[in-house]
Amino acid sequence: MRFLRENSLSLFFGVLLVGSLIGQSFAGLHQFNADAVTHHESTYTWFRYVTSSEFGGDVMENWQSEFLQFSLYILSTVWLLQRGSSESESPEDLGLMSDKSQLVGRYAKRNSPPWAKASGPRRFLYENSLILAMTFCFFGSWLCQSVNGWRAYNHQQLEHKESTITWGEYWENADFWDRSLQNWQSEFLAIGSMAVFTIYLRQRGSPESKPVGASHDATGISN
């Protein structure tokens, strides 16, 4: 029970992720097969669909946009300010901040991670490890999206007896950029809205919100 309580946030979203993927697989299969019947093409079983480029492309298409959102958010909040937002650093904390405030090097505590106590490349990698990991996940999932999208595009071309294209040509194709940009713009809208909403709106008890009684001008504080 202690494990469940201490990890309830990640477990909660993990269950939602698995449930959503399962739901998407059945809904997507139904839509795919309905389109196949309409065009007098062969239908898929569930297993064939979840291992297909059509399903993989749809999943990676959403994942890469989420990792892009967090990558840009993590990096932009180091340097950029939104007055009154709990999603922004306070004006005096903008930038990389001092070693003392970050508890690195000689300011590290006994229970600080070993690489926070180190110097040189190890500390550089560790103090930037979050943005590096998110960026790696973004480019990895975007690459997977391009491969799956390319295969799905060529499969559709063959079904309609039209010419296929190479993977490199798919990167220049409007289908690839339409799929990417329609997800990116929604992520930018969501993160921008969150930054502005937290200036004026509150959620009692949430670390994503300022205290209910905090002034609208208070910046970089949370519950």
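Quick caveat, the model's predicted, so the values are computed rather than measured.

What counts and what doesn't
Residues numbered from 1 in each chain as written. Predicted model: local features only at pLDDT ≥ 70, side-chain atom pairs only at ≥ 80, totals over all residues. Heavy atoms only, no water. Salt bridge = Lys/Arg side-chain N within 4 Å of Asp/Glu carboxyl O. Helix = DSSP H or I, 4+ residues; strand = E, 2+ residues; numbered from the N terminus. Buried < 20%, exposed > 50% of the residue type's maximum accessible area, 1.4 Å probe, protein only. pLDDT = per-residue confidence, 0-100. Expected span 1.5 Å × (residues − 1). Contact = heavy atoms within 4.5 Å. Patch = residues over 30% accessible without salt bridge, like charges linked within 9 Å, V, L, I, M, F, W, Y side chains within 5 Å. Areas by Shrake-Rupley, 256 points an atom, 1.4 Å probe, with all protein chains shown as cover. Core = buried A, V, L, I, M, F, W, Y, C linked by side-chain atoms within 4.5 Å. Polar contact = N/O pair within 3.5 Å; in protein donor to acceptor, adjacent residues only side chain to side chain. Phe/Tyr/Trp six-rings, centres within 6.5 Å; stacked < 30°, edge-to-face > 60°.

**Describing the pattern of salt bridges**
Moving on, step 1. Under the counting rule described, the total for this entry stands at 6 salt bridges.
Moving on, step 2. A salt bridge links Arg 2 to Glu 6; the nearest nitrogen and oxygen atoms lie 2.9 Å apart. Placement of both Arg 2 and Glu 6 in helix H1 (residues 2-6) is noted, with a separation of 4 residues, approximately one turn of the helix. For the pair Arg 2 and Glu 6, one class covers both residues: exposed.
Moving on, step 3. Between Asp 175 and Arg 179 there is a salt bridge whose closest N-O contact spans 3.4 Å. Of this pair, Asp 175 and Arg 179 both sit in helix H10 (residues 174-200), 4 residues apart, which is roughly one turn of that helix.
Moving on, step 4. Three or more residues are tied together by salt bridges with common partners; here these are Asp 58, Glu 61, Asp 175 and Arg 179.

**Concerning the confidence of the model for the chain**
Moving on, step 1. Mean pLDDT over the chain works out to 93, with 100% of the residues at or above the 70 mark.
Moving on, step 2. The spread of mean pLDDT over the elements of the chain runs between H1, the lowest at 91, and helix H9 (residues 167-171), the highest at 96.

**Quick look at helix H8 (residues 129-159)**
Residues separated by three or four positions in an α-helix point in the same direction, a consequence of the helix having 3.6 residues per turn.
Moving on, step 1. Taking 1.5 Å per residue as the helical rise, H8 with its 31 residues ought to reach 45 Å, and the 45 Å between its terminal C-alpha atoms agrees with that figure.
Moving on, step 2. Along H8, the positions that sit buried rather than exposed are Ile 131, Phe 138, Ser 141, Trp 142, Gln 145, Ser 146, Asn 148, Gly 149, Ala 152, Tyr 153, Asn 154 and Gln 157.
Moving on, step 3. Buried positions along H8 lie against helix H4 (53-79), H9 and H10.

**Some words on a nonpolar patch on the surface**
Moving on, step 1. Residues Val 18, Ile 22, Phe 26, Trp 46 and Phe 47 make up a contiguous nonpolar surface patch of about 530 Å² in total accessible area.
Moving on, step 2. Listing elements by their share of the nonpolar patch, those giving two or more residues are helix H2 (8-38) and helix H3 (46-50).
Moving on, step 3. For the nonpolar patch, the leading source of residues is H2, giving 3 residues.
Moving on, step 4. Within the element layout of this structure, Phe 26 appears in helix H2.

**Re the nonpolar core**
Moving on, step 1. Core analysis: the largest hydrophobic core is formed by 8 residues, namely Leu 68, Phe 138, Trp 142, Tyr 153, Ile 165, Tyr 170, Phe 176 and Trp 184.
Moving on, step 2. Put simply, the parts of the chain that give this core at least two residues each are H8 and H10.
Moving on, step 3. Broken down by element, the residue count for this core peaks at 3 residues, all from H8.
Moving on, step 4. If sequence neighbours within four positions are ignored, Phe 176 has contacts with Trp 142, Gln 145, Ser 146, Tyr 170 and Trp 171.
Moving on, step 5. Counting 7 residues, the second largest nonpolar core, distinct from the first, contains Phe 32, Tyr 49, Phe 55 and Met 60.

**Some remarks on the side chain of Ser 53**
Moving on, step 1. Residue position: Ser 53 is located in helix H4.
Moving on, step 2. Here the side chain of Ser 53 touches Ala 152 through a polar contact of 3.4 Å, landing on its backbone nitrogen.
Moving on, step 3. Every residue in contact with Ser 53, bar those within four places of it in the chain, is listed here: Asn 148, Arg 151 and Ala 152.

**Regarding the packing of aromatic side chains**
Moving on, step 1. On inspection of all chains with the given rule, the structure shows 19 aromatic pairs.
Moving on, step 2. Taking 4.4 Å as the distance between ring centres and 40° as the angle between the ring planes, the aromatic pair formed by Phe 32 and Tyr 44 counts as tilted. Of this pair, Phe 32 sits in helix H2 while Tyr 44 sits in the loop between H2 and H3, placing them 12 residues apart in sequence. For the pair shown, Phe 32 and Tyr 44 are each scored as buried.
Moving on, step 3. The interplanar angle of 80° and the centroid separation of 6.0 Å between the aromatic rings of Trp 167 and Trp 171 together place this pair among those described as edge-to-face. Pair noted here: Trp 167 and Trp 171 are both in helix H9, with a separation of 4 residues, about one helical turn.

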